[in-house]
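Listed below are the residues making up each chain.
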Amino acid sequence: QPVVDESANNATISWTTDKESNSLIEFVPESVFNETGVYNQTIGDSIVYTNDHSVEIQGLKPATTYRYRVVSRTPTGAESKSKDFSFTTKAQSIEITSYKITVTSPEEALFTWSTSLPTDSSISFAPYRNGTPSIEARQVVRDPSILTEHSMTLTGLEGGVVYDIELSGKDSSGNTVSKLIQG
């Protein structure tokens, strides 16, 4: 059986053959295969002959099951096709990839951050009182725009006070990402 190493958008399929042959993969999303029974895409190297095969498929959809089979042809034209196999790509994860705080005045700060996938924007913030964040004074500011580059200004901050700040976002599927910082 071939070995599959998959991520959210790529899969590398490796296998060996007893005779030197080329390396091809026929594949299709499972939903299409269930309707047509046909592998509608082929990828690989048809002119390099080896016993150790490895083919990378790029541009796949995250969290999707694909059906595939390996195809190997010898230089003399003898062809062998494997049985049908499947793999499922991983779900794409949301991450806050970078953030920056710019203090524009003692009462105001600009927060900018990036997410790996489009999300809405939310900042939850609470001033520290007696060494702990004040739950009663916590405020939340939201922007419903779905973006990967986020920018929000907090106003009415208390000068010289440390804040417990959480940057967060929710994507269109309801997945959330957050990062806790102190500022």
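In every chain, residue numbers begin from 1 and rise along the written sequence. Selection of residues for local features in this predicted model requires a pLDDT of at least 70, selection of side-chain atom pairs for listing and counting requires 80 or more, and totals for whole chains, interfaces and linings are taken over all residues. With hydrogens and water excluded, all non-hydrogen atoms of the structure serve as input to the side-chain values.

Draft legend 1. Seen up close, the overall build of the protein. Numbering of helices and strands runs from the N terminus; a helix is a DSSP stretch of H or I covering at least four residues, while a strand is a stretch of E covering at least two. Within the protein, the regular secondary structure consists of one helix and 12 strands. The secondary structure elements of the protein, listed N-terminal to C-terminal, are β-β-α-β-β-β-β-β-β-β-β-β-β. Its C-alpha atoms give the protein a radius of gyration of 26 Å, clearly above 16 Å, the size a compact globule of 183 residues would have. Taking all 183 residues of the protein together, the buried fraction comes to 35%. When the accessible surface of the protein is split by element, carbon and sulfur atoms take 47% of a total near 10500 Å². Taking the average location of the 14 positive side-chain charges in the protein and that of its 23 negative ones, the two points are 5 Å from each other. Based on C-alpha atoms, the radius of gyration is set beside the globule rule, defined as 2.2 Å times the residue count to the power 0.38. The classification of residues rests on relative accessible area computed with a 1.4 Å probe and restricted to protein chains. Under 20% of the type maximum is buried, over 50% is exposed, and intermediate values are partly exposed. Using a 1.4 Å probe, the Shrake-Rupley method yields the accessible areas, and only the shown protein chains count as cover for residues. Only four residue types enter the charge count, namely Lys and Arg as positive and Asp and Glu as negative; His and the chain termini do not. Charge positions are represented by NZ for Lys, CZ for Arg, CG for Asp and CD for Glu.

Draft legend 2. Structural detail: the environment of Asp5. When you line up the elements, Asp5 lands in strand β1 (residues 3-6). Relative accessible area serves as the criterion here: at 56%, Asp5 is assigned to the exposed category. In sequence terms Asp5 and Phe87 are 82 residues apart; their C-alpha atoms lie 9.1 Å from each other. Residues count as neighbours in contact if any of their non-hydrogen atoms are within 4.5 Å of one another. Beyond its immediate chain neighbours, meaning those up to four positions away, Asp5 contacts Asn10, Ala11 and Thr12.

Draft legend 3. View of the side chain of Thr64. Mapped onto the elements of the fold, Thr64 is located in the loop between β3 (41-57) and β4 (65-73). Judged by relative accessible area, which is 18%, Thr64 ranks as buried. Among the polar contacts made by the side chain of Thr64, one reaches the main-chain carbonyl oxygen of Lys61 at a distance of 3.3 Å. Residues contacting Thr64, with those up to four places away along its chain left out, are Phe87, Thr88 and Thr89. As used in this structure description, the phrase polar contact means that two N or O atoms lie within 3.5 Å; if the pair is within protein, one of them must be able to donate a hydrogen and the other to accept it, and residues adjacent in sequence are counted only when both atoms belong to side chains.

Draft legend 4. Quick peek at the confidence of the model for the protein. Values of pLDDT, which run from 0 to 100, indicate the predictor's confidence residue by residue. With 99% of its residues at a pLDDT of at least 70, the protein reaches an overall mean of 93. Mean pLDDT across the elements of the protein bottoms out in strand β12 (residues 176-182) (89) and peaks in β4 (97).

Draft legend 5. Quick peek at the pattern of salt bridges. Just to be clear on terms, a salt bridge is a Lys or Arg side-chain nitrogen sitting within 4 Å of an Asp or Glu carboxyl oxygen. As enumerated under the stated definition, the model contains eight salt bridges in all. Note that Glu30 is salt-bridged to Arg67, the shortest N-O span being 3.5 Å. Of the two residues, Glu30 is situated in helix α1 (residues 30-36) and Arg67 in strand β4; the sequence distance between them amounts to 37 residues. For Glu30, a relative accessible area of 26% translates into the label partly exposed. The partner of Glu158 in a salt bridge is Arg129, with the nearest N and O atoms 2.7 Å apart. Of this pair, Glu158 sits in the loop between β10 (139-154) and β11 (163-170) while Arg129 sits in strand β8 (residues 108-129), and the two are 29 residues apart along the sequence. Here the residues in one salt-bridge network are Glu26, Arg69, Arg73, Glu79 and Lys81, joined through shared partners.

Draft legend 6. Spatial organisation of the packing of aromatic side chains. Pairing of aromatic rings covers Phe, Tyr and Trp, the last counted by its six-membered ring, and requires centre-to-centre distances within 6.5 Å; plane angles under 30 degrees mean stacked, over 60 mean edge-to-face, and any other angle means tilted. The tally for this structure, following the rule as stated, stands at six aromatic pairs. Taken together, Phe27, Tyr66, Tyr68, Phe85 and Phe87 form an aromatic cluster joined through their ring pairs.

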